[in-house]
Amino acid sequence: MAMSAPHSLLVRHLGPDDARDYRDIRLAALKNAPDAFGSTYEEEHTLSVEAFAKQVEATTVFGAFLDKQIRGMAGFARQQGRKSTHKGLIWAMFVAPTVRGQGVGLALVEAALKHAATIVEQVTLKVVTDNVAAIALYEAMGFKTYGIEPKALKVGNGYADELLMVRFLDDL
Ligand SMILES: CC(C)(COP(=O)(O)OP(=O)(O)OC[C@H]1O[C@@H](n2cnc3c(N)ncnc32)[C@H](O)[C@@H]1OP(=O)(O)O)[C@@H](O)C(=O)NCCC(=O)NCCS
């Protein structure tokens, strides 16, 4: 289980200059954890570095670097609409398989929550109900389940239910 995070771990907000690293980690995520994402490797692997630069500029993405190599990512977005801007969501959470269990995931969620606390009051996320590792990570970071979306994802002829989780930020 998670030891204290490695000394060389750095989590930071990615910008357009990080487009190559963002592309690498995003494609690794789509390849290694296809069930955890709405998009697919097939849809994105032909996109140029410039397309990833635009994507990373238009969204808020945190990258986790170990010895300066990108090894994880987490996205954050504030909801749109006058009555919803007090809410944000975490999306596309991923840590490379070789560095799991060392606290990298915790550090990514912590960075996203710290940023979120400056602009929203609560953060929601969705996670497939059999994703034990991610659910345990989110619970460790104070997320609580408030519902289940049945058949939230359709893959081929099969479906996956998703847990709906929320973290209120009043203590951050
Ligand atoms: C979920 C994921 C991001 C966790 O990243 P990680 O860096 O290994 O997580 P951490 O080392 O920070 O672990 C933090 C906590 O999460 C829980 N956890 C992590 N991996 C776990 C596992 N395999 N089984 C049970 N609990 C686990 C533990 O509570 C752990 O803390 P502890 O060890 O002190 O108890 C990673 O497994 C991953 O990228 N999975 C594939 C993509 C994915 O599922 N993304 C989420 C989509 S919603």
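Here the structure is a predicted model, which means the values were calculated and not measured. Residue indices begin from 1 for each chain and proceed along its sequence in written order. Under the rules for a predicted model, residues below a pLDDT of 70 receive no local features and side-chain atom pairs below 80 are neither given nor counted, while totals for whole chains, interfaces and linings still include all residues. Values shown for side chains rest on all heavy atoms present in the structure; no hydrogens or waters enter the calculation.

A look at the overall build of the protein
We apply this condition: Counting from the N terminus, the helices are the DSSP runs of H or I reaching at least four residues and the strands are the DSSP runs of E reaching at least two. In this setup the radius of gyration rests on C-alpha atoms only. A globule is expected at 2.2 Å times the number of residues raised to 0.38.
Helix and strand counts for the protein stand at five helices and seven strands. When the helices and strands of the protein are placed in sequence order, the string is β-α-α-α-β-β-β-α-β-α-β-β. Here the C-alpha radius of gyration of the protein, 16 Å, is about what a compact globule of 172 residues would show, namely 16 Å. Oriented by its inertia axes, the alpha-carbon framework of the protein measures out at about 40 × 40 × 35 Å.

Concerning the nonpolar core
Filter applied, for reference: Remark: nonpolar core denotes a set of buried residues (Ala, Val, Leu, Ile, Met, Phe, Trp, Tyr, Cys) joined through side-chain atoms within 4.5 Å. To sort residues, take the accessible area from a 1.4 Å probe on protein chains only and compare it with the maximum for the residue type: under 20% means buried, over 50% means exposed, and anything in between is partly exposed.
The biggest cluster of nonpolar side chains holds 32 residues, and the ones touching the most others in it are Val109, Val123, Tyr138 and Phe143. When residues of this core are traced back to their parent elements, those giving at least two are β2 (60–66), β3 (69–78), β4 (87–95), α4 (104–116), β5 (122–128), α5 (132–140) and β7 (158–168). It is α4 that contributes the most residues to this core, eight residues altogether. If you look at the next biggest cluster of nonpolar residues, it comprises 16 residues, including Ala29, Ala33, Val61 and Ala92.

Quick notes on unusual backbone geometry
Positive phi, normally seen in glycine, also occurs at Asp67, with a value near 50 degrees. Examined against the element boundaries, Asp67 turns out to sit in the loop between β2 and β3. With a relative accessible area of 58%, Asp67 lands in the exposed category. Backbone geometry places Lys68, a non-glycine residue, at a positive phi of 70 degrees. For Lys68, the position within the fold is in the loop between β2 and β3.

Side note on helix α3 (residues 49–58)
Because an α-helix completes one turn every 3.6 residues, residues spaced three or four positions apart along the sequence face the same direction. Put simply, the rule reads: The arc in question is traced by the directions running from the helix axis to the C-beta atoms. Contact criterion: two residues are considered in contact whenever any of their non-hydrogen atoms come within 4.5 Å of each other.
Every buried residue of α3 is accounted for by Phe52, Ala53 and Val56. Buried residues of α3, viewed axially, fall in a sector of 105 degrees; they line one side. Relative to its buried face, α3 has exposed residues pointing more than 90 degrees away, namely Glu50, Lys54, Glu57 and Ala58. Where α3 is buried, its residues touch α1 (19–32), α2 (41–44) and β2.

Focus on α4
For clarity, the cut-off: Expected helix span is given by 1.5 Å per residue-to-residue step, counting one fewer step than there are residues.
Taking 1.5 Å per residue, 13 residues should reach 18 Å; α4 reaches 18 Å between its end C-alpha atoms and fits that length. Among all positions in α4, only Val104, Gly105, Ala107, Leu108, Val109, Ala111, Ala112, Leu113 and Ala116 are buried.

A closer look at the UniProt feature "domain: N-acetyltransferase" (unreviewed entry) in the protein
The line we're drawing: UniProt positions are given in the numbering used here, feature names are shortened, and annotations may be inferred rather than shown by experiment.
The feature "domain: N-acetyltransferase" (unreviewed entry), as given by UniProt, occupies residues 9–170 in the numbering adopted here. Between the end C-alpha atoms of residues 9–170 there is a gap of 27 Å, over a span that is 31% helix and 37% strand.

Some words on the pairing of β2
Convention followed: Between any two strands, pairing holds if DSSP finds at least two bridges.
Counting buried positions along β2 yields seven of seven residues, so the element is predominantly enclosed. Residues Thr60, Phe62, Ala64 and Leu66 line one face of β2 and the alternating positions Val61, Gly63 and Phe65 line the opposite face, and both faces are buried. Taken together, the four bridges between strand β1 (residues 10–13) and β2 define a ladder with antiparallel strand orientation. Within β2, the residue paired with His13 across the bridge is Phe62. The pairing of β2 with β3 spans seven bridges and is classified as antiparallel. Directly across from Ala64, in β3, lies its bridge partner Gly72.

Here's the deal with the packing of aromatic side chains
Stated formally: The criterion for an aromatic pair is that two Phe, Tyr or Trp rings (for Trp, the six-membered ring) have centres within 6.5 Å, with stacked assigned to planes under 30 degrees apart, edge-to-face to planes over 60 apart and tilted to the rest. Put simply, a charge is over a ring when the Lys NZ or the Arg CZ is close to the ring centre, within 6 Å, and near the line of the ring normal, within 35 degrees.
Within the structure shown, the criterion is met by two aromatic pairs. For the pair Tyr22 and Phe52, a centre-to-centre distance of 5.8 Å together with 70 degrees between the ring planes defines the contact as edge-to-face. Of this pair, Tyr22 sits in helix α1 while Phe52 sits in helix α3, and the two are 30 residues apart along the sequence. For the pair Tyr22 and Phe52, a shared accessibility class is recorded, and that class is buried. One Lys or Arg, Lys151, reaches over the ring of Tyr159 and ends 4.7 Å from the middle of that ring.

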